[in-house]
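# Topology and contacts: notes
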Amino acid sequence: KPVADYIDKALNCMHSEYMTGIGVQEIADRLNLDRSYFSSLFKERMGTSPREYLMRLRLEKAAELMVVHGEKPSTAGASVGYVDLYHFSKVFKQHFGMSPRAYVLKCTLSSED
């Protein structure tokens, strides 16, 4: 099977199920690949690990839910697969450099200019 097929299937899976809390191991299992082999294929093709890609996808979707749809951080975090609000806030802050609330405020202010 070409590597591209595995990566396409993995990306499809991530984009359609990120909100369920799906993880790298589950994706590798569905593709019938060893997790570390899958991770190295993914990283080689996408330039980032599947874990990092999935986390970034979830955070971007959560940010959109808060800014565009006005959801609270707790709701947005839960909607993209983070059950623990504290963990969501911590990961969000590491990614965006600010808390979810500060991010929403910044986006709201910059859209009013």
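Located above this text is the structure these notes cover.
Residues numbered from 1 in each chain as written. Predicted model: local features only at pLDDT ≥ 70, side-chain atom pairs only at ≥ 80, totals over all residues. Heavy atoms only, no water.

Taking 1.5 Å per residue, 18 residues should reach 26 Å; helix α4 (residues 50-67) reaches 26 Å between its end C-alpha atoms and fits that length. When we look at burial in α4, the residues that qualify are P50, L54, L57, R58, L59, A62, A63, L65 and M66. Considering only its buried residues, α4 is in contact with α1 (3-17), α2 (24-30), α3 (35-46), α5 (73-79), α6 (85-96) and α7 (100-111). (Helix = DSSP H or I, 4+ residues; strand = E, 2+ residues; numbered from the N terminus. Expected span 1.5 Å × (residues − 1). Buried < 20%, exposed > 50% of the residue type's maximum accessible area, 1.4 Å probe, protein only. Contact = heavy atoms within 4.5 Å.)

This brings us to the pattern of salt bridges. With the rule as written, the count across this model stands at 3 salt bridges. Taking the shortest distance from any N to any O, the salt bridge between R30 and E17 comes out at 2.6 Å. You can see R30 sitting in helix α2 and its partner E17 sitting in helix α1, a full 13 residues away along the chain. Under the relative-accessibility criterion, R30 is labelled partly exposed at 42%. E26 is paired through a salt bridge with R30; the nearest N and O atoms lie 3.0 Å apart. (Salt bridge = Lys/Arg side-chain N within 4 Å of Asp/Glu carboxyl O.)

Below, the discussion takes up the packing of aromatic side chains. Evaluation of the coordinates by the stated rule reveals 7 aromatic pairs. With a centroid separation of 5.5 Å and 50° between ring planes, the pair formed by Y82 and F88 is classed as tilted. When sorted by exposure, Y82 lands in the same class as F88, which is buried. Ring plane angle 35° and centroid distance 4.5 Å describe the contact between F92 and F96, whose orientation is recorded as tilted. With F92 and F96 both in helix α6 and 4 residues apart, this pair spans about one turn of that helix. Classification of F92 as buried rests on a relative accessible area of 0%. Among the aromatic residues, ring-to-ring pairing joins Y82, F88, F92, F96 and Y103 into one connected group. (Phe/Tyr/Trp six-rings, centres within 6.5 Å; stacked < 30°, edge-to-face > 60°.)

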